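Structural overview for review
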Amino acid sequence: MPTSSQFIRYDGTDLAPSALKEIQTRIGETEHAKKKGLDTLTKKLKELEDIEPCLDKHFLLKFLRVESFDSSRAFERIKRYYGMQEDVIKIFCGNSISIPAVRSSEYFWALPYRNENNSAVAVARMGKKGIIYLPF
């Protein structure tokens, strides 16, 4: 049986400098690449008319890092990210579940208060620990 000392904590943020340097080299992360990538992404995202993107540099760096600082691929990934959010919203809009069905299910719970527009929110249990909030 593994012990807790064999695992890395989820909230751990320290990384050995040599390991960090190796990763940065592998993905091409330099100060110049970061600045150029952030400038390019910010410019392209501001040109989009149908999306109000987050322009926070830490948020954008996640996309640049996963695409090894290729701005074009990072931009396409961000567009897919926002497209996926729209798809999820479309799935849940207009769908509803009755309060008796929520109350009788072991996988759904209704929050005790309603919104001003008289809609309610159900909490769905996904697996042992995951939850998802559903308006109804």
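Residues numbered from 1 in each chain as written. Predicted model: local features only at pLDDT ≥ 70, side-chain atom pairs only at ≥ 80, totals over all residues. Heavy atoms only, no water.

Turning next to the packing of helix 2 (residues 31-47) against helix 3 (residues 57-66). In the contact formed by helix 2 and helix 3, the axes pass within 10 Å of each other and the chain directions differ by 105 degrees. It follows from the interaxial angle that helix 2 and helix 3 lie roughly perpendicular. Of the residues in helix 3, those touching helix 2 at K34, G37, L38, L41, T42 and L45 are K57, L60, L61, L64 and R65. Taken together, the residues of the contact of helix 2 with helix 3 break down into six nonpolar, two polar and three charged. (Axes fitted to C-alpha atoms, helices over the stretch in contact; angles between N-to-C directions. Helix = DSSP H or I, 4+ residues; strand = E, 2+ residues; numbered from the N terminus. Parallel < 35°, antiparallel > 145°, perpendicular 65-115°, else oblique. Contact = heavy atoms within 4.5 Å. Nonpolar A, V, L, I, M, F, W, Y, C, P; charged D, E, K, R; others polar.)

What follows is about the UniProt feature "domain: CRAL/TRIO N-terminal" (unreviewed entry) in the protein. The UniProt feature table records "domain: CRAL/TRIO N-terminal" (unreviewed entry) at residues 56-81. End C-alpha to end C-alpha, residues 56-81 measures 15 Å, and it is 81% helix and 0% strand. (UniProt positions renumbered as here; feature names shortened; annotations may be inferred.)

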